[in-house]
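Listed below, chain by chain, are the residues.
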Amino acid sequence: MAEKDTFIQEVDEDFRRDQMLKQWQRFRIPLIAALVALLGGVAGYQIWHAHKIEQSEAAARAFVAAQTLGQEGKHAEAAQAFASLASGGHDGYGLLAAFQRAGQLLRAKDVTGAVAAYDAIAGNSAYDANFRDLARYYAALNGLESLPAEEIRRRLGSIPTTSPWNSNARELLALAELKAGDRNQARKLLTELADDAAASPGARGRASELLAALGGPLNP
């Protein structure tokens, strides 16, 4: 009886081995392909990750080098270095480098170039909307003396009421209207700003002070 059971067990094991061999022969190619793909994916990720780290470190070195140029008074060269960094698509450095570029152009007395640099930030849909609004504000602020009033209005008018820079934009727009000779429009804008509870306290306070200097709020 024991010999019979042993024989049955051996036959069963042989049958299972035969079945496993058949299954292996049937599926070995897709299984090997899947394993190769998995290993290739892991290796690819490791290579990609190492490349990203290398890129980030290179961008950091380039950023520091551009800052050093600015600190040495080489503002035009620094602006060019920041421009290269901003256009390189470096995560975490592109936007900051773009703003730094505009700042270096201002230090180089190139107001036209700085305004264009801020306009480039404002027109880049890859950047966060709040930073684009800030760039519009800086473009108008630095172009206040040289740009036509309509250009100032266009930039500041693009900053929505939901933007954290809206109060500053309205304040600057009032100054632009005053500079353009439209005293009543300036007073109207300042009156609205001074009475706007949603506006920042600083902007409301400055609007009230300027209104007093212009003769008080504009009556409806």
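Since we're looking at a predicted model, the values are computed, not measured.

## Remarks on the overall build of the protein chain
Thinking step 1. In terms of helices and strands, the protein chain carries nine helices and zero strands.
Thinking step 2. Tracing the protein chain from N to C terminus, the helices and strands come up as α-α-α-α-α-α-α-α-α.
Thinking step 3. Each of the 220 residues in the protein chain was classed as buried or not, and the buried ones make up 30%.
Thinking step 4. For the protein chain, restricting intrachain contacts to residue pairs at least 6 apart in sequence, the fraction spanning at least 24 positions comes to 46%.
Thinking step 5. Looking at the protein chain as shown, the accessible area adds up to about 13,900 Å², and 57% of this sits on carbon and sulfur atoms.

## Examining the packing of helix α2 (residues 75–86) against helix α3 (residues 94–107)
Thinking step 1. At a minimum axis distance of 8 Å, the contact between α2 and α3 shows a crossing angle of 160°. If you check the angle between α2 and α3, you find them roughly antiparallel. Between α2 and α3 lies a crossing whose hand is left-handed. Facing α2, whose interface residues are H75, A78, A79, F82, A83, L85 and A86, α3 presents G94, A97, A98, Q100, R101, Q104, L105 and R107.
Thinking step 2. Broken down by class, the residue content of the contact of α2 with α3 amounts to nine nonpolar, four polar and two charged.

## Comments concerning the pattern of salt bridges
Thinking step 1. Overall, the coordinates contain 10 salt bridges when judged by the stated rule.
Thinking step 2. Linking R155 and E151 is a salt bridge whose minimum nitrogen-to-oxygen distance equals 3.0 Å. Here R155 and its partner E151 are both found in helix α6 (residues 149–157), four residues apart, which amounts to about one turn of the helix.
Thinking step 3. Through salt bridges that share partners, D119, E151, R154 and R155 make up one connected network.

## Quick look at the environment of N130
Thinking step 1. Examined against the element boundaries, N130 turns out to sit in helix α5 (residues 129–142).
Thinking step 2. Using a relative accessible area of 35% as the deciding quantity, one classes N130 as partly exposed.
Thinking step 3. Sequence spacing of N130 and W165 is 35 residues, and the spatial spacing of their C-alpha atoms is 7.9 Å.
Thinking step 4. The residues contacting N130, other than those within four sequence positions of it, are P164 and W165.

## As for helix α4 (residues 111–122)
Every α-helix winds through 3.6 residues per turn, so residues three or four apart in the chain are directed the same way.
Thinking step 1. Taking 1.5 Å of rise per residue, 12 residues should cover 16 Å, and α4 covers 16 Å from first to last C-alpha, within 8% of that figure.
Thinking step 2. For α4, the full list of buried residues reads G113, A114, V115, A117, Y118, I121 and A122.
Thinking step 3. Tucked inside the fold, the buried residues of α4 contact α3, α5 and α6.

## Observations regarding the confidence of the model for the protein chain
Thinking step 1. For the protein chain, mean pLDDT is 81; residues scoring 70 or higher make up 71% of the total.
Thinking step 2. By mean pLDDT, the top-scoring element of the protein chain is α4 (96), and the lowest-scoring one is helix α1 (residues 2–71) (60).

## Examining the nonpolar core
Thinking step 1. Counting residues in each nonpolar core, the largest one holds 43 residues, and the members touching the most others are Y118, I121, I152 and L156.
Thinking step 2. Sort the elements by how many residues they give to this core and α4 lands first, with six residues.
Thinking step 3. In this structure L156 touches Y137, A140, A169, L172 and L173, once residues within four positions along its chain are discounted.

## Some details on the packing of α6 against helix α7 (residues 166–179)
Thinking step 1. It is at 10 Å that the axes of α6 and α7 come closest, and there the two elements cross at 170°. Comparing the axis directions of α6 and α7 gives the class roughly antiparallel. Across the interface between the two elements, I152, R153 and L156 of α6 pack against A169, L172, L173, A176 and E177 of α7.
Thinking step 2. Residues that form the contact of α6 with α7 fall into these classes: six nonpolar, no polar and two charged.

## Here's the deal with the packing of aromatic side chains
The description of two aromatic rings rests on the distance between their centres and on the angle between their planes.
Thinking step 1. Applying the stated criterion across every chain yields a total of five aromatic pairs.
Thinking step 2. Their ring planes at 50° and their centres at 5.7 Å tell us that F63 and Y93 sit as a pair that is tilted. Here the residue F63 occupies a position in helix α1, and Y93 occupies one in the loop between α2 and α3, the gap between them amounting to 30 residues.
Thinking step 3. With relative accessibility at 8%, the residue F63 sits in the buried group.
Thinking step 4. Taken together, a centroid distance of 6.0 Å and an interplanar angle of 50° make the contact between Y137 and Y138 tilted.
Thinking step 5. Under the relative-accessibility criterion, Y137 is labelled buried at 15%.
Thinking step 6. Owing to a relative accessible area of 30%, Y138 belongs among the partly exposed residues under this scheme.
Thinking step 7. Site record: aromatic cluster; members linked through ring pairs are F99, Y118, Y137 and Y138.

The rules we used
Residues numbered from 1 in each chain as written. Predicted model: local features only at pLDDT ≥ 70, side-chain atom pairs only at ≥ 80, totals over all residues. Heavy atoms only, no water. Helix = DSSP H or I, 4+ residues; strand = E, 2+ residues; numbered from the N terminus. Buried < 20%, exposed > 50% of the residue type's maximum accessible area, 1.4 Å probe, protein only. Contact = heavy atoms within 4.5 Å. Areas by Shrake-Rupley, 256 points an atom, 1.4 Å probe, with all protein chains shown as cover. Axes fitted to C-alpha atoms, helices over the stretch in contact; angles between N-to-C directions. Parallel < 35°, antiparallel > 145°, perpendicular 65-115°, else oblique. Left-handed = near helix turned anticlockwise from the far one by under 90°. Nonpolar A, V, L, I, M, F, W, Y, C, P; charged D, E, K, R; others polar. Salt bridge = Lys/Arg side-chain N within 4 Å of Asp/Glu carboxyl O. Expected span 1.5 Å × (residues − 1). pLDDT = per-residue confidence, 0-100. Core = buried A, V, L, I, M, F, W, Y, C linked by side-chain atoms within 4.5 Å. Phe/Tyr/Trp six-rings, centres within 6.5 Å; stacked < 30°, edge-to-face > 60°.

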